[in-house]
Amino acid sequence: MQLIRTSFNLRSDMPWDELYRECIYAWLGSSKDERGNRYYEQLFRKLPRDIDFDENPSGKFEFAGDKLEYNSFSWKLCDYIGFTFTTKDAVSGRIWKTQIAIKRTEEHAFCFVSLDCDLGRDKRPPRIARPRVIELLLTNFQDGDGAIDEIKRQAHILEPSEIDRAKNALTGGLRNVLPIVYLSCSAKTHALMPSKVAESLFGVAHVFAEQNPMLRDRLAQEFTDKRIPQGGEIGICYAGQPITIFNRFDVVDWAENPETLVQDIFLKILKANLSLKFNFTWDDLLAARESYENELVERERVEKLNTINEMREEWLQARQARMDMSCLVEKLMNDLERVTAERDQYKDEHAKYDSLKRKYDNCLDERNTWESLAVEADEKREKAEADLRDA
C-alpha cells in the first residue's frame, strides 16, 4: 500500500553527485531500525560516498535484502534520475520501498517522492511518516512553491492583517504544488498544535493556522457563498480543486493522542494525491526511460543501417575497383602480348640484321684482301717495269 506521495520543486542547478552525497548517502547513513545501527553500518560501508554519474549512469548496492538502485539519463534536453531504496523487516516481513524521481530542466527540477509498504505477515495498518530524505532534499535544494517562497517545517500563523494570503490559500491563488492544510481558529486552536502538524507534514503539505477569531470573522464576511473551514475545522486546499473540509473531533482520541489527527491528515492527502496529476511522477520517469531506451534502440538500428549502407557502398566500390583492375589487367596482358609479338618480330629482324652484318663484314674483309693483293701486284708490276727500263 502507498503511504506517501508528494511532489515539489528543487533547484535546477543541483549536480547529481551533490544530490546523492548530501541527500541519498546522508539519508541512508542516518537510517536505523530495530536491528540497530550496526546493520546499517554494514550496508553503509558498501555505499560509495561519491558517484560519477557520467561514468556510472546506473548502479545497484545491496546487503542482506536491502537494496539501493539508481538510474540516470538525459533525453529531450532534460536530465532524469531515479533512486529506489528497498528494505525488509525480517520479523514482520514488511517491505518498505522509497522511490525518488527527479526531472531537471533549465528552469526547475521536478521531484517526486513516494513511500510504499508491503504489509507481509503483519496486516495492521502501518504508521505513516515521511521519509527523512524529503527533509534533506528540501533543506539542501528546495526552490519554493509557487507564490510561497519557502517550504517550511514550521506552521505559518496567519495574523488578522493577512486576509489576502488566507483567501489565496483557500482558493489556490498561491499556485502551490503541495496542498495547504488550513487550521481554522476555535477555542481549542492551540490544542491542534500547528507546530507538530507542520513538522510531521514537512515536504507533504504546507500548514496555515489562524492566529485568532478576528481573521475567521473577516473571512466569513468575504466567503458568503462558499464553504470554508471555520470554528476549528480543518481544510485541505489544492490549487484548482475544491476544499476538503473535516472536523478534527471526527478523529478518535485526537486530544489525548494528537498523532491520530496527523495520521488522518496523511490519509486524506494521500487519497487526494492519488487522483491528482503531478508535474512529474515515478511513472513519468519510467515512461521517459522507456522512450529514451527506444530512442537508443532506434539510434542503434539507424547506426547499424548506416553501417550496413557504408559497408555496401564500400563493397560496391571494391567491386567496381576489382572490375576496373580486371579490365586493366586484361589490357596490360593484351599490351604484353602485343609487345612480346613486336619483340619477337624485332628479334627475327635483328637476327637477319646480324646475319647480313656478318656477311657484310666477310665481304668487306674479302674485298680488303683483294685490294691488298691488287696493290701488292701493282707495286710488283711497277718494279718489274722499272727493272726492265733500267736494263
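Describing two packed helices takes the angle between their axes plus the distance from one axis to the other. Two elements in contact, helix H1 (residues 16-29) and helix H3 (residues 132-141), have axes separated by 9 Å at closest approach and are oriented at 150 degrees. As judged from the angle between their axes, H1 and H3 are roughly antiparallel. Here H1 runs over H3; the crossing is right-handed. Two secondary-structure elements touch here, H1 through Glu18, Leu19, Glu22, Cys23, Ile24, Ala26 and Trp27 and H3 through Arg132, Val133, Leu136, Leu137, Asn140 and Phe141.

The six strands lie next to each other as E1-E6-E5-E4-E3-E2, forming an open sheet whose pairing is antiparallel. A single partner strand is all that each edge strand has here, and the edge strands are strand E1 (2-10) and strand E2 (58-63). For this sheet, the mean angle separating the axes of adjacent strands, direction not counted, is 10 degrees. Here H3 sits on the sheet in contact with E1, strand E5 (95-104) and strand E6 (109-118), set at roughly 5 degrees to E1.

Okay, the confidence of the model for the protein chain next. Per-residue confidence for the protein chain gives a mean pLDDT of 85, with 92% of residues at or over 70. The lowest-confidence element of the protein chain is helix H2 (residues 37-46), averaging 61 in pLDDT; the highest-confidence one is E5, averaging 94.

This next bit is on the packing of aromatic side chains. For the structure shown, the criterion picks out ten aromatic pairs. Centroid distance phenylalanine 53 to tyrosine 70: 5.3 Å. Interplanar angle 80 degrees. Geometry classified as edge-to-face. With a gap of 17 residues between them, phenylalanine 53 in the loop between H2 and E2 and tyrosine 70 in strand E3 (residues 66-75) connect regions that are remote in the sequence. Residue phenylalanine 53 is classed as buried on the basis of its relative accessible area, which comes to 8%. Ring plane angle 10 degrees and centroid distance 4.9 Å describe the contact between phenylalanine 73 and tyrosine 80, whose orientation is recorded as stacked. Phenylalanine 73 sits in the buried class, given a relative accessible area of 6%. Over the ring of tryptophan 16 we find arginine 104, and its NZ or CZ is 3.9 Å from the ring centre. Just above the ring of phenylalanine 246 sits the side chain of lysine 268; from NZ or CZ to the centre is 4.4 Å.

Rules and cut-offs
- Residues numbered from 1 in each chain as written.
- Predicted model: local features only at pLDDT ≥ 70, side-chain atom pairs only at ≥ 80, totals over all residues.
- Heavy atoms only, no water.
- Axes fitted to C-alpha atoms, helices over the stretch in contact; angles between N-to-C directions.
- Helix = DSSP H or I, 4+ residues; strand = E, 2+ residues; numbered from the N terminus.
- Parallel < 35°, antiparallel > 145°, perpendicular 65-115°, else oblique.
- Left-handed = near helix turned anticlockwise from the far one by under 90°.
- Contact = heavy atoms within 4.5 Å.
- Pairing = 2+ DSSP bridges.
- pLDDT = per-residue confidence, 0-100.
- Phe/Tyr/Trp six-rings, centres within 6.5 Å; stacked < 30°, edge-to-face > 60°.
- Buried < 20%, exposed > 50% of the residue type's maximum accessible area, 1.4 Å probe, protein only.
- Lys NZ or Arg CZ within 6 Å of the ring centre and 35° of its normal.

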